[in-house]
Amino acid sequence: MAREKHERMLGHLAKRGSWTTATELADVLGVTPRSVRSYVTAVNTRSAPHDVVESGPSGYRLNGDGYAVYRQRAASAHESETPKDRLYGLVRLLIASPQGIDVFETARSLHVSESTVEGDLTRVRSMLAETALTLERAGSTVTMTGGETERRKLLSKMFRDETDRGLVELEALQRAFAPAEFGPFKGDLINALTARGYYVNEYGIANVLLHIAIAIDRVAKDRPAEPVEHTPQSPEVDAVAVDLSRLVSEHYGVQLGDADLTYLSYLLVTRVITPGSGAPAERVVDDYVNAGDLAAVREAVRRASEEYLVDLSNEDFIIRLTLHVQNLIRRAHDQSYSRNPLTRSIKTSYPMIYELAVFIASQLQRHGAIVINDDEIAYIAMHVGAQLEQNARKDTLLGATIVSPGYYDMHEVLRSRVGSLLGDVLDVHEVVTRSDVDWAAITTDLVLTTIEPPTPSDGIVLIQPFLTAGDVERVRTAVSRVRRASRLNSIKDELLQYFHPELFVRNAYAKDEESMIRLLGERMLARGVIDEGYLTGAIERERMSSTAFTDALAVPHAMAMSANSTAIAIAVNETPMDWGGARVSVVALVAFSESGRAAFQTVFDQFVEVFSERASVARIIRRSDDFASFIDELVHVIDD
């Protein structure tokens, strides 16, 4: 158990990439800060003389060089270092031994006692309870029984459990299953799929490569997949199977059977590739798009646009999303969802975009009679985010004035240089060429000046007449500062009006997510903010996808903005509670009315942003003894 905590701690430090306090790590791991210190000591002791985790006044951070050495040692270690390692090693041994294993021989080879192996076999039986595999015993011989497909599923699950969350690493695949590197094979496979006119999903292909690697390993050991009664064949699957068969034979000298080729090609078709690369939109619609799915996507997008006041009407976007949804429906019917390594980061960094994707997914669930999980919602969010980014590009430019006293055409050269290097963040409204500048008359967000202003200001950046790399960096820093100040001022003005003393609770705990939603909802019901329908809608939304948008904050809400008035009920708790796989200390039940629709986008995204920094959350939790102190601390965090 301790080793698993060590791995979780290292994974969190790797994800953070900066100094992290012992308190934050303790919250993430569900232990005390004292335990965190002991974990750091244990990890560094095992990796001596290389420190994996550095300590300092600001807490802990990962030492990149030491972590690399630690991972290399772990990958090359032959002994089973943890009970979980030993358990998974035992399962692999059972899968690889059709005649069974001898308990006494296995104990000797693993250098453990027979009772330890017996205990591990009990744990293996628990693992197999959710599969179609079983263990049978005759004397000291234990045999795993069940189909090849189930064995491969178990191998896949164990591989994922043993590796960090995120993209499947090709080196790890090679170590576990294949005799040769996967990089060249992957490159040739992508080239073959691209040549057939497909877009390739790089996030999806890594997961399908795991299935291919397992198939190569099992077929090489004379363990082919069983024939499937209803093989999902199609012209696309058949064409991809030709390429896959050729490439596996060329790279690994293995001939995959028809069952393996059909299944693996089906995974590529439904998880990795999308047709229409290089083809005009009209032909894509005629050749590849199902009219019913297109109509459903169009309606879901229309309703989302109306509900959240965004523009998603672009036809190319709708066609691309429909192509994705067609494969999504097929995956969902097969219960074969695509994993998305960006799910957590999308949810945390772009909560509003994720929320739009949840709304669209809820409509598509009804259309396809399917269930759409978080990873698939995140893929929809990637489509939505890309479209909104195109729409918002011009709107997000900051207005700027250049002050550059005239000398020949130097001001024109400077303006051109600013446009080429900073045109993605600035829109130059005016160039002032006089030396007697009326500074008070300049109203743009930012001023770039080659002469000293009379009074320094956050909105004024002093630059050289010939723009340097240092100037560009300072301007970009100023742009970020102005944008953040604008966002936080906006949220302070809007957000504070939605809090009420009666809707604030301190150290109020509930057994689960739905109970906490009801606890806060009862207070809203008492004030007439919402009705029972809204509360039911918030619980239904929570069941679809967790609203824990950061490691410390959950924001439950209904998808329909049907509250009687806009308000936020909030619980600030010293002890975190489990919430959809996260441990949150702050729960904010948000209710928006029809009239508050326009404010939803701003408040939702920026509210999550305020609570995204662990240090800020810790301060709010520590000092919010009552409603008044909570508001004081919230304002302090926003203004800080």
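Note that the structure is predicted; figures quoted are calculated from it, not measured.

1. Some points on the sheet that holds strand 9 (residues 426-432)
The strands making up a sheet are joined through hydrogen bonds of the backbone, oriented either antiparallel or parallel.
Piece 1. In space, the four strands of this open sheet follow the order 9-8-10-11, with parallel pairing throughout. Looking along the sheet, the strands with just one partner apiece sit at the ends: strand 9 and strand 11 (460-462). Recorded for the sheet is a direction-independent mean angle of 25 degrees between the axes of neighbouring strands.
Piece 2. Pairing between strand 8 (residues 398-403) and strand 9: six bridges, direction parallel. By the bridge assignment for strand 9, Thr401 is matched with Glu430.
Piece 3. Lying over the sheet, helix 20 (residues 410-422) contacts strand 8, strand 9 and strand 10 (446-449), oriented at roughly 170 degrees with respect to strand 9.

2. A short note on the packing of aromatic side chains
Piece 1. According to the stated counting rule, one finds 10 aromatic pairs in the structure shown.
Piece 2. Ring geometry for Phe504 against Phe627: centres 6.1 Å apart, planes inclined by 65 degrees, an arrangement best described as edge-to-face. You can see Phe504 sitting in strand 12 (residues 504-506) and its partner Phe627 sitting in helix 26 (residues 627-639), a full 123 residues away along the chain. Taken as a pair, Phe504 and Phe627 share a single burial class, namely buried.

3. Things to note about helix 5 (residues 83-96)
Piece 1. A rise of 1.5 Å per residue sets the reference length of helix 5, with its 14 residues, at 20 Å; its end C-alpha atoms lie 20 Å apart and thus fit the reference within 8%.
Piece 2. Residues Arg86, Leu87, Tyr88, Leu90, Val91, Leu94 and Ile95 constitute the buried set of helix 5.

4. Here's the deal with the environment of Gln255
Piece 1. The residue Gln255 is located in the loop between helix 12 (235-252) and helix 13 (258-272) in this model.
Piece 2. Under the relative-accessibility criterion, Gln255 is labelled exposed at 55%.
Piece 3. The residues contacting Gln255, other than those within four sequence positions of it, are Val219, Ser245 and Ser249.
Piece 4. Separated by 2.9 Å, the side chains of Gln255 and Ser249 make a polar contact.

5. Notes on the pattern of salt bridges
Piece 1. Going through the model one piece at a time under the given rule, you end up with 31 salt bridges.
Piece 2. As a salt-bridge pair, Lys221 and Asp217 come within 3.4 Å of each other at their nearest N and O atoms.
Piece 3. Among the residues examined, Lys221 registers a relative accessible area of 44% and is labelled partly exposed.
Piece 4. A relative accessible area of 13% means that Asp217 is categorised as buried.
Piece 5. Here Glu315 ties to Arg298 by a salt bridge, and the two come within 2.9 Å at their closest N and O atoms. Of this pair, Glu315 sits in helix 16 (residues 315-333) while Arg298 is found in helix 15 (residues 291-308), placing the two residues 17 residues apart along the sequence.
Piece 6. For Arg298, a relative accessible area of 33% puts it in the partly exposed group.

6. With respect to the packing of helix 22 (residues 513-527) against helix 23 (residues 532-544)
Piece 1. Closest axis-to-axis distance for the helix 22/helix 23 pair is 10 Å, and the angle between their directions is 155 degrees. One finds that helix 22 runs roughly antiparallel with respect to helix 23. Crossing handedness for the pair helix 22 and helix 23: right-handed. Judged by residue contacts, Glu513, Glu514, Ile517, Arg518, Gly521 and Leu525 of helix 22 engage Glu532, Leu535, Ala538, Ile539, Glu542 and Arg543 from helix 23.
Piece 2. Across the contact of helix 22 with helix 23, the residue classes tally to five nonpolar, one polar and six charged.

7. Description of unusual backbone geometry
Trans is the prevailing form of peptide bonds, just as negative phi is the prevailing case for residues other than glycine.
Piece 1. Phi at Asp222 takes a positive value of approximately 65 degrees, unusual for a residue other than glycine.
Piece 2. Given a relative accessible area of 60%, Asp222 falls into the exposed group.
Piece 3. A positive phi angle, near 55 degrees, is found at Gln335, a position not held by glycine.
Piece 4. Mapped onto the elements, Gln335 comes out in the loop between helix 16 and helix 17 (343-349).

Definitions and cut-offs
- Residues numbered from 1 in each chain as written.
- Predicted model: local features only at pLDDT ≥ 70, side-chain atom pairs only at ≥ 80, totals over all residues.
- Heavy atoms only, no water.
- Pairing = 2+ DSSP bridges.
- Helix = DSSP H or I, 4+ residues; strand = E, 2+ residues; numbered from the N terminus.
- Axes fitted to C-alpha atoms, helices over the stretch in contact; angles between N-to-C directions.
- Contact = heavy atoms within 4.5 Å.
- Phe/Tyr/Trp six-rings, centres within 6.5 Å; stacked < 30°, edge-to-face > 60°.
- Buried < 20%, exposed > 50% of the residue type's maximum accessible area, 1.4 Å probe, protein only.
- Expected span 1.5 Å × (residues − 1).
- Polar contact = N/O pair within 3.5 Å; in protein donor to acceptor, adjacent residues only side chain to side chain.
- Salt bridge = Lys/Arg side-chain N within 4 Å of Asp/Glu carboxyl O.
- Parallel < 35°, antiparallel > 145°, perpendicular 65-115°, else oblique.
- Left-handed = near helix turned anticlockwise from the far one by under 90°.
- Nonpolar A, V, L, I, M, F, W, Y, C, P; charged D, E, K, R; others polar.

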